[in-house]
Amino acid sequence: MSAGRLQHLDAMRGFALAGIAFVNLTWFSGYAVMGGPERAALPTAALDPFVRGTVHVLVDGKFYSLFALLFGVGFGLWSRRPRSHGWTRRMLVLLALGLAHASALWFGDILSLYAVVGLLLPATRWLHSSALLGVATTCLLMPMVLIVAQTCGVCPNIAADGLGPAAQLDAFAHGNYSQMLSANAGFLEMRWRLALDEGRLLKLAGMFGLGVLACRRGLVDDPHRHRATLGSIARWGLGVGLPAELAALWLGPGTPAGAMVSTVGVPTLALGYAATAALHPPLTLAPAGRLSLSNYLLQSLVGALVFYGLGLGMWGQLGMTALVGFALVMIAVQVRLSRWWAASFGRGPVERLWRAAAGSRPRGSAAKVRAAFPNEADP
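Residues numbered from 1 in each chain as written. Predicted model: local features only at pLDDT ≥ 70, side-chain atom pairs only at ≥ 80, totals over all residues. Heavy atoms only, no water.

### Some details on the overall build of the protein chain
Stage number 1. Within the protein chain, the regular secondary structure consists of 17 helices and zero strands.
Stage number 2. Within the span of the protein chain, comprising 379 residues, buried residues form 51% of the whole.
Stage number 3. Sequence-distant contacts, at least 24 apart, represent 80% of the contacts inside the protein chain between residues at least 6 apart.
Stage number 4. By element, 68% of the accessible surface of the protein chain is carried by carbon and sulfur atoms, the whole surface being about 16600 Å². (Helix = DSSP H or I, 4+ residues; strand = E, 2+ residues; numbered from the N terminus. Buried < 20%, exposed > 50% of the residue type's maximum accessible area, 1.4 Å probe, protein only. Contact = heavy atoms within 4.5 Å. Areas by Shrake-Rupley, 256 points an atom, 1.4 Å probe, with all protein chains shown as cover.)

Take a look at the structure:
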């Protein structure tokens, strides 16, 4: 049972990794910050609006939420260990990795946000399941209060100046590495301001809590024993989340009304994806999910080398349709590469570095480690 369980969790991580690639590539390529005339000049301009709308409804926000849910599951499984200590050190090392990633490569890093919120996860051990559900739900709905407060002028919109220093965008398109580092620093500040402004940290905390709760209820140990529960979550999540995200698209993603609807639509659709993937795991993606941390960073490296001026300089040359194709090819390559790496070396290179720096893992071969901790999944 353990091996199968780990396999379906890896498949879910691989699924989340694929979704994150679709979104992140729009930033690496410059498509996310293009104006209307620039997008209209692209070869795939006729199809791009439809593809972009589809990605917004099905992908935007849902897959970092799915990863957050799995992060909470990882903590739940880790806390079952007889000597489950060192979590804070793990999170501090992950924070260092995330900040290094954000500074040196990709200002949109999510690892540092996970690490900061992850420091609070040990507190869930003292919460009854019903209390944990209440806290998680409150965290997920609190961004609606922020939106109302900002709309009414009660709470300042600390990110009102935009997504970052627009004058530094040219550093990504045509700059050298030193100029890219400077631009990353400017955008990184806005990244954290946005995380506070839109309640991103609260959203992560909510999904973390639901992941811990799913682990407590045994939903991740043997999904097929809980087919009825997971089936209900899948139907509810997809049935509520998909119409909500279609409505948010119609209202306008950048409008207060659209953001309010997405506050409900994003987590419910992510839960629908999670339950569906637990019952019908996309096993083809499992090798990439097993090395999810390494593959996440590799995606950033590929994005920078292909699109930034320090690499091939393809910034502004691909539309949304082409980017979806690019993402699919990249994921397929990562799956094959990950299968070979796992068979040859066991853990991914960054996963191994993380554990060595955190100092919370037993030494020995990958087989011995897996035998010693058959129920543990990486957060």
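Let us keep going from here.
### What to know about the packing of helix H5 (residues 87-104) against helix H6 (residues 111-118)
Stage number 1. Contact geometry for H5 and H6: axes closest at 7 Å, N-to-C directions at 155°. Taken together, the axes of H5 and H6 lie roughly antiparallel to each other. For the crossing formed where H5 meets H6, the hand is left-handed. In contact with Trp87, Met91, Leu94, Leu95, Gly98 and Leu99 of H5, H6 contributes Leu111, Ser112, Ala115, Val116 and Gly118.
Stage number 2. Per-class residue counts for the contact of H5 with H6 are eight nonpolar, three polar and no charged. (Axes fitted to C-alpha atoms, helices over the stretch in contact; angles between N-to-C directions. Parallel < 35°, antiparallel > 145°, perpendicular 65-115°, else oblique. Left-handed = near helix turned anticlockwise from the far one by under 90°. Nonpolar A, V, L, I, M, F, W, Y, C, P; charged D, E, K, R; others polar.)

### Concerning the layout of surface pockets
It is a probe the size of a water molecule, rolled over the atoms, that shows where empty space is left.
Stage number 1. Reported here for the second largest pocket is a volume of approximately 610 Å³.
Stage number 2. Forming the walls of the second largest pocket are 29 residues, and the residues nearest its centre are Leu69, Leu210, Leu213, Ile233 and Leu271.
Stage number 3. Those elements that provide at least two residues to the lining of the second largest pocket are helix H1 (2-28), helix H4 (62-78), helix H7 (129-151), helix H10 (200-216), helix H11 (227-251) and helix H12 (256-279).
Stage number 4. The element that contributes the greatest number of residues to the lining of the second largest pocket is H12, accounting for eight residues.
Stage number 5. Residues that form the lining of the second largest pocket fall into these classes: 22 nonpolar, six polar and one charged. (1 Å grid on protein atoms, 1.4 Å probe; cavity = no way out; pocket = protein on both sides within 12 Å on 5 of 7 lines; lining within 4 Å. Points joined across faces, edges and corners; volume = space filled by probe spheres on them.)

### As for the packing of H6 against H10
Stage number 1. Packing of H6 against H10 brings their axes to within 10 Å, and their N-to-C directions diverge by 65°. Viewed along their axes, H6 and H10 form a crossing whose handedness is right-handed. Where H6 abuts H10, its residues Leu113, Tyr114, Val117 and Gly118 lie against Arg200, Leu201, Leu204, Ala205 and Phe208.
Stage number 2. Here the contact of H6 with H10 is composed, by residue class, of seven nonpolar, one polar and one charged.

### Topic: the side chain of Ser112
Stage number 1. Mapped onto the elements of the fold, Ser112 is located in helix H6.
Stage number 2. A polar atom in the side chain of Ser112 sits 2.8 Å from the side chain of Asp109.
Stage number 3. If we skip the residues at most four places from it in the chain, Ser112 touches Leu95, Gly98, Leu99 and Trp192. (Polar contact = N/O pair within 3.5 Å; in protein donor to acceptor, adjacent residues only side chain to side chain.)

### Considering the side chain of Glu351
Stage number 1. Among the secondary structure elements, Glu351 is positioned in helix H16 (residues 349-358).
Stage number 2. Arg355 is the oppositely charged side chain nearest to the buried, salt-bridge-free Glu351, at an N-O distance of 6.1 Å.
Stage number 3. Glu351 has contacts with Arg290, Leu291, Ser292, Leu293 and Ser294, leaving out every residue within four places of it along the chain. (Lys, Arg positive; Asp, Glu negative; His and termini not counted. Salt bridge = Lys/Arg side-chain N within 4 Å of Asp/Glu carboxyl O.)

### Some remarks on the pattern of salt bridges
Stage number 1. Tallied over the entire structure, the rule returns five salt bridges.
Stage number 2. The closest approach of N and O atoms between Glu245 and Lys62, which form a salt bridge, is 2.5 Å. Of this pair, Glu245 sits in helix H11 while Lys62 sits in helix H4, and the two are 183 residues apart along the sequence. Both residues of the pair, Glu245 and Lys62, count as buried.

### Some remarks on H4
Stage number 1. Taking 1.5 Å of rise per residue, 17 residues should cover 24 Å, and H4 covers 24 Å from first to last C-alpha, within 8% of that figure.
Stage number 2. Counting buried residues in H4 gives 17 out of 17 residues, a clear majority hidden from the surface. (Expected span 1.5 Å × (residues − 1).)

### So, a nonpolar patch on the surface
Stage number 1. Taken together, Tyr177, Leu181, Leu301, Leu305 and Leu310 make up a surface patch of nonpolar side chains, about 400 Å² in accessible area.
Stage number 2. Those elements giving two or more residues to the nonpolar patch turn out to be helix H9 (177-197) and helix H14 (292-307).
Stage number 3. As for its placement among the helices and strands, Leu310 is situated in the loop between H14 and helix H15 (320-345). (Patch = residues over 30% accessible without salt bridge, like charges linked within 9 Å, V, L, I, M, F, W, Y side chains within 5 Å.)

### Brief notes about the confidence of the model for the protein chain
Stage number 1. Taken over all residues, the pLDDT of the protein chain has a mean of 89, while the share at 70 or more is 89%.
Stage number 2. When pLDDT is averaged over each helix and strand of the protein chain, the minimum, 42, is found for helix H17 (residues 366-372) and the maximum, 97, for H11.
Stage number 3. Here residues 1-5 is a poorly scored stretch, pLDDT under 50, and it has 10 contacts once near neighbours within four places are set aside; other chains count.
Stage number 4. Here residues 362-377 scores under 50 on pLDDT; set against residues more than four positions off or in separate chains, the count is 27 contacts. (pLDDT = per-residue confidence, 0-100.)

### What about the nonpolar core?
Stage number 1. One finds Phe71, Tyr114, Phe172, Met207, Tyr296 and Tyr308 to be the most contacted residues of the largest nonpolar core, which totals 96 residues.
Stage number 2. For this core, the element with the highest residue contribution is H4, accounting for 12 residues.
Stage number 3. Once you skip the residues sitting within four places of it in the chain, Tyr296 turns out to touch Leu17, Ile20, Asn24, His101, Trp106, Gly108, Asp109, Ile110 and Leu111. (Core = buried A, V, L, I, M, F, W, Y, C linked by side-chain atoms within 4.5 Å.)

### What about the packing of aromatic side chains?
Stage number 1. This model, assessed by the stated rule, comprises 24 aromatic pairs.
Stage number 2. With 5.0 Å between their ring centres and 75° between their planes, Phe15 and Phe63 make a pair best called edge-to-face. In this pair, Phe15 is assigned in helix H1 and Phe63 in helix H4, connecting sequence segments 48 residues apart.
Stage number 3. Pairing Trp340 with Trp341 gives two aromatic rings, centres 5.9 Å apart and planes at 75°, and the pair type is edge-to-face.
Stage number 4. Taking the relative accessible area as the measure of exposure, Trp340 reaches 46% and is therefore partly exposed.
Stage number 5. Using a relative accessible area of 25% as the deciding quantity, one classes Trp341 as partly exposed.
Stage number 6. Following the ring pairs from residue to residue traces out a cluster consisting of Trp27, Phe28, Trp106, Phe107, Phe172, Phe187, Tyr308 and Trp315. (Phe/Tyr/Trp six-rings, centres within 6.5 Å; stacked < 30°, edge-to-face > 60°.)

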